[in-house]
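Structural characterization, general
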Amino acid sequence: MAQNALVIDGIGVDFSGFKAVDGFSTVIEEGEVRVLLGANGAGKTTLMDLISGKTKSTEGSVHLFGREITNLEEHQIAQAGVGRKFQIPSVFRDLTVRENLIVACARQPSVLGNLRLRRNAAERRRFDEVVELTALGDVLDRVAGVLSHGQTQWLELGMLIGQGARVMLLDEPTAGMTVGETMKTAALINRLRGDYTMLVVEHDMAFVREIASKITVMHLGKHLAEGRVEQIEQNPAVREAYLGSGGIH
Amino acid sequence: MKLRLTTRGALEAAAYGTFILVILLLPTVADVFWLNRFAKYLVYGMLGIAVALSWGYAGVLNLGQGLFFGLGAYMVAMTLKLQSETSMQQGADTPIPDFMAWNSQPGALKDLCCIAPGSWLWIPFQSQAFGIAMVLLVPTAVAFLIGWSIFRLRISGVFISIITLALVLLVRLLIVDWQPVTNGFNGLTDLGWLTFGGFEFDPYVVPTYYLVAFGTVAVLLLTRLLVATRAGLVLQATRDDANRARYLGYDVARYQVFFFTVSGLIAGIAGAFYVIASEFASPTFLDLTFSVSMVVWAAVGGRNSLLGACIGAILINTIQATVSESEMLAEAWKAIIGLIFVLVVLFLPRGIAGLARDIAMRLAALLGRGTPAAQPLQKSE
Ligand SMILES: Nc1ncnc2c1ncn2[C@@H]1O[C@H](COP(=O)(O)OP(=O)(O)OP(=O)(O)O)[C@@H](O)[C@H]1O
Ligand SMILES: [Mg+2]
């Protein structure tokens, strides 16, 4: 049986009276691709903020492969194995693609440990693997700031692979992408399936059907439903919650 | 990893090589008075490097770089003051700075231990080795403490500039106010010479120029090496997007503190060299205008280039010294340099270095037409 990668237990945050995430729980198994659905403002991004340490929770806990990571510092959570892709893609815009990936692939977080010019074999292997997966080989010497939107998204995804994240939090990885780019991203995620555990926020149902092992629906900061794609599409509570925003399409 | 020798890399190496060659060969054409002047400009060049490291590479605009320069200067000036013959000949049995003797209460014991409250701090500076150790230690420690407080709290942007600016003015005030120990406004003058193995570094001899020149070259090359390391790359990453770096697992504050401290150390070393070449230390080193000038030099030279910022500082000061020979030009110069600064910020954000790089790359492309412009020289590790 697969191990539990991420166990979220009753997590919540109180923004001076407003509970953006409220007692949310779910368990994600190792290798699973979990899609998180929810209307705008449901609290999806905030949930990722809570897992990754950007926002400190006021209740509940998060465990990563059995180790508690609740409210640790961002870099500690990252070192523990959580990678995060932002809703607005964020890469090091003044560095080249190569440099972006080198920074991501360094296996050594400390300053003194990084006072060296060369990469070790493990880092080089990881770098080559990422370049192959993301197909960024042709643009390695370009400055990241001039990449196309799709390439920027893949670079950021590549950085998560490079950093050795075992659990990836992907916030709308296909936002703003063309249909072709979206399909390429789906293919990439499917290649990573099994080796990495992913929690993906996504609105595009075609994409969701392509990648999801299981779907969790969030509504007003709370856990509303969870199940396979067909189950969720049939679920009356989900339909109800989505009526205001046009339903699932 | 493949070592790539690109056109860009080759041009950079050529620029560094030319610069180093020029400053090392200068004594063949310049007399000692001119060399002494130029040694001070090299010190300003070091300050340009310190500013480029912190502003260009870390994205931290420190408006109080003069604080570290001043600390380094005072540390070496204290030890050199105690080497000075005239300072000691004030009728005391042990060396005492002249100003302490002049200012002392009638009947006070003429000894460093108790001639003035706090004068005992001078005692260990009787050893020149101690003074030099303090040049390295004090600016580093102070920079570390300031950096630690700022970056742990995730203070960024203009707030860092305001805090560092306030700090340099605060320390300046302390030095001026602590007259019995620091000689206040007048600073430390009439210093002795740095002495190594019997050799005295008289500011007006060629070896003293070489001392400063080698110091500058060492600082330039070591800093260039430092930013080329993985840590230097991570630093630039934190400048572009601190959060992205955090979510990759880097403790961003540690990188910022480390390089802020290195930048402070460089400024401290520069301060010490300045004292050796100019034979005085003064609270004006901590004037706001001086710290702002450093930023202007780096901006004009190119804040993203260590060499550019270094040359910017040297160039501006050389021109300034030339025009200030005539009084009318000296006044106009302030306006001119202000104008140049504004123009550079508006139209040449990468400064002279960026402009030179673009021109050189274009020339290289023209000359090398037919062969690929960037020829990767594949050399395995
Ligand atoms: N720091 C904060 N302080 C107060 N309220 C906040 C804060 N962060 C988020 N919120 C609120 O929490 C709610 C959930 O926001 P969140 O960004 O998590 O939604 P989302 O599900 O990601 O929406 P979208 O689909 O638009 O990205 C919103 O109403 C938002 O305004
Ligand atoms: Mg969101």
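Residues numbered from 1 in each chain as written. Chains lettered and ligands numbered in written order. Predicted model: local features only at pLDDT ≥ 70, side-chain atom pairs only at ≥ 80, totals over all residues. Heavy atoms only, no water.

**Examining the coordination of the magnesium ion (ligand 2)**
Residue and element names in this part refer to chain A.
- Distances from the magnesium ion (ligand 2) to its protein donors, T45 (OG1) and Q87 (OE1), fall at 1.8 to 2.4 Å. Of this pair, T45 sits in helix α1 (residues 44-52) while Q87 is found in the loop between β6 (82-85) and α3 (97-105), placing the two residues 42 residues apart along the sequence.
- Exposure remark for Q87: the relative accessible area of 35% places this residue in the partly exposed category. (Donors = N, O, S within 2.8 Å, 3.2 Å for Na, K, Ca; no water. Helix = DSSP H or I, 4+ residues; strand = E, 2+ residues; numbered from the N terminus. Buried < 20%, exposed > 50% of the residue type's maximum accessible area, 1.4 Å probe, protein only.)

**Remarks on the interface of chain B and chain A**
- With 29 residues of chain B in contact, the opposing surface of chain A contributes 41 residues.
- When chain B packs against chain A, the two sides together hide about 3100 Å² of surface, and 60% of this comes from carbon and sulfur.
- At the surface where chain B touches chain A, the tally comes to 4 salt bridges.
- A salt bridge links R154(B) to E74(A); the nearest nitrogen and oxygen atoms lie 2.9 Å apart.
- Across the chain B-chain A interface, the total number found is 16 residue pairs in polar contact (both at pLDDT 80 or more).
- Elements that contribute at least two residues to the side of chain B that touches chain A include exactly α9 (206-228), α10 (230-240), α11 (242-247) and α12 (252-278) of chain B.
- For the side of chain B that touches chain A, the leading source of residues is α10(B), giving 8 residues. (Contact = heavy atoms within 4.5 Å. Buried area = accessible area lost by both parts, 1.4 Å probe. Salt bridge = Lys/Arg side-chain N within 4 Å of Asp/Glu carboxyl O. Polar contact = N/O pair within 3.5 Å; in protein donor to acceptor, adjacent residues only side chain to side chain.)

**A word on the site of ligand 1**
Residue and element names in this part refer to chain A.
- Around ligand 1, the surrounding shell holds 14 residues, and the nearest of these are G41, G43, K44, T45 and T46.
- Measuring from an oxygen atom of ligand 1, one finds a backbone N or O atom of A42 at 3.2 Å.
- Contact with the protein chains covers 61% of the free accessible surface of ligand 1, which is 640 Å².
- Those elements giving two or more residues to the shell around ligand 1 turn out to be β2 (18-29) and α1.
- Among the elements that take part in the shell around ligand 1, α1 stands out by supplying 3 residues, more than any other.
- Split into classes, the residues belonging to the shell around ligand 1 amount to 5 nonpolar, 7 polar and 2 charged. (Near = heavy atom within 4 Å. Areas by Shrake-Rupley, 256 points an atom, 1.4 Å probe, with all protein chains shown as cover. Nonpolar A, V, L, I, M, F, W, Y, C, P; charged D, E, K, R; others polar.)

**Side note on the state of the cysteines**
All names here are of chain B.
- As enumerated under the stated definition, the model contains 1 disulfide over all chains in all.
- Across the disulfide, C113 is cross-linked to C114 (sulfur-sulfur distance 2.1 Å).
- Of the residues examined, C113 reaches a relative accessible area of 32% and is grouped as partly exposed.
- Judged by its relative accessible area of 39%, C114 falls in the partly exposed class. (Disulfide = S-S within 2.5 Å.)

**Some remarks on the layout of surface pockets**
Residue and element names in this part refer to chain B.
- What the second largest pocket holds in volume is close to 640 Å³.
- If you trace the second largest pocket, you find 25 residues lining it, with F290, S293, W297, N317 and Q320 closest to the centre.
- The residue makeup of the lining of the second largest pocket, split by class, is 16 nonpolar, 7 polar and 2 charged. (1 Å grid on protein atoms, 1.4 Å probe; cavity = no way out; pocket = protein on both sides within 12 Å on 5 of 7 lines; lining within 4 Å. Points joined across faces, edges and corners; volume = space filled by probe spheres on them.)

**Here we look at the UniProt feature "transmembrane region" (unreviewed entry) in chain B**
All names here are of chain B.
- Look at the UniProt record and you will see "transmembrane region" (unreviewed entry) annotated at residues 13-34, 41-60, 129-151, 158-175, 209-235, 255-274, 306-323 and 335-353.
- Across residues 129-151, the secondary structure splits into 100% helix and 0% strand, with the terminal C-alpha atoms separated by 33 Å.
- Along residues 306-323, the helical share is 100% and the strand share 0%, with 26 Å between the first and last C-alpha atoms. (UniProt positions renumbered as here; feature names shortened; annotations may be inferred.)

**A closer look at unusual backbone geometry**
- For L220(A), which is not a glycine, the phi torsion comes out positive at approximately 50°.
- Structurally, L220(A) can be placed in the loop between β9 (214-219) and β10 (222-227).
- By relative accessible area, L220(A) is classed as exposed at 63%.
- In this structure, N183(B) takes a positive phi of about 60° despite not being glycine.
- By the secondary structure assignment, N183(B) is in the loop between α8 (179-182) and β1 (194-196).

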